[in-house]
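# Structural description and commentary
Letter by letter, the chains look like this.
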Amino acid sequence: GQQLNQSPQSMFIQEGEDVSMNCTSSSIFNTWLWYKQEPGEGPVLLIALYKAGELTSNGRLTAQFGITRKDSFLNISASIPSDVGIYFCAGRYNNNDMRFGAGTRLTVKP
Amino acid sequence: DARVTQTPRHKVTEMGQEVTMRCQPILGHNTVFWYRQTMMQGLELLAYFRNRAPLDDSGMPKDRFSAEMPDATLATLKIQPSEPRDSAVYFCASGLDEKTGTGLPDTQYFGPGTRLTVL
């Protein structure tokens, strides 16, 4: 099961609004990743973070690696209907054992 | 655009039958992972391989599940005998466990999954 606390579990927003979600853990990680999963597909990597404090953007998406290395945030600006999906955070420490959050289900109303 | 491929995409079988799922990792990747996704448990790591050697399969029920990599281009996950509680989506992911080379290190690229239903 998951060892990361991801919140919120779900979000219903209006097109054009900004979105924020986060993941926290009691453990530190060396890598934080954010994935998006659409129905019937596997998770697709959005952003990878490798250093504490790192802020990385991918189009309208911005993610940050928390200073304590125990959390990460994902923001989506000016949401559009195709942003709909489930967003997962994942953390990795010193091996290939990736831990995933439970996901944030995003619904965007046109 | 290199991708992880999985077959079959869907499988419906009866309890007690053997199920084999296949995965072709991205060429050049040296790590392969098998995950199971359910509504209740989310994404659970079942097993992973580095350079074709199994490194961790502690997440896998040993009595009925087995994972192998016959060669660098094929990974298999087998369930024998299958049970209704095995119904889930099974994902394969591959990655590059080095700081050089193509692709982002320390990341995993997922296949589209195999949706398994055991009746």
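Not measured: the values here are computed from a predicted model.

Calculation notes
- Residues numbered from 1 in each chain as written.
- Chains lettered and ligands numbered in written order.
- Predicted model: local features only at pLDDT ≥ 70, side-chain atom pairs only at ≥ 80, totals over all residues.
- Heavy atoms only, no water.
- Phe/Tyr/Trp six-rings, centres within 6.5 Å; stacked < 30°, edge-to-face > 60°.
- Helix = DSSP H or I, 4+ residues; strand = E, 2+ residues; numbered from the N terminus.
- Buried < 20%, exposed > 50% of the residue type's maximum accessible area, 1.4 Å probe, protein only.
- Salt bridge = Lys/Arg side-chain N within 4 Å of Asp/Glu carboxyl O.
- Pairing = 2+ DSSP bridges.
- Axes fitted to C-alpha atoms, helices over the stretch in contact; angles between N-to-C directions.

## Here's the deal with the packing of aromatic side chains
This structure, assessed with the given rule, holds 10 aromatic pairs over all chains. Ring geometry for Tyr-35 of chain A versus Phe-100 of chain A: centroids 5.8 Å apart, planes at 45 degrees, classification tilted. Here Tyr-35 of chain A, found in strand β4 (residues 31–37), pairs with Phe-100 of chain A, found in strand β10 (residues 99–100); they are 65 residues apart in sequence, far enough to count as distant. The buried category is assigned to Phe-100 of chain A, whose relative accessible area is 2%. Put simply, the rings of Tyr-35 and Phe-100 of chain A together with Phe-33, Tyr-35, Tyr-48, Phe-91 and Phe-110 of chain B touch in pairs and so form one group of aromatic residues.

## Quick word on the pattern of salt bridges
Across all of its chains, the model carries 7 salt bridges over all chains by this definition. Two residues, Lys-36 of chain A and Glu-38 of chain A, come together in a salt bridge whose shortest N-O distance is 3.1 Å. With a relative accessible area of 11%, Lys-36 of chain A lands in the buried category. For Glu-38 of chain A, a relative accessible area of 39% gives the class partly exposed. A salt bridge links Glu-44 of chain B to Arg-36 of chain B; the shortest N-O distance between them is 3.5 Å. On the basis of relative accessible area, Glu-44 of chain B is assigned to the buried category, the value being 17%.

## Notes on the sheet that holds strand β7 (residues 65–71) of chain B
Residues and elements named next belong to chain B. Strand order in the open sheet made by the 4 strands is β1-β3-β8-β7, with antiparallel pairing throughout. Edge strands, defined here as strands with exactly one partner in the open sheet, are β1 (5–7) and β7. Strand-to-strand, the axes of this sheet are offset by a mean angle of 20 degrees, without reference to chain direction. Taken together, the 3 bridges between β1 and strand β3 (residues 19–24) define a ladder with antiparallel strand orientation.

Any functional reading would require information that these geometric values do not contain.
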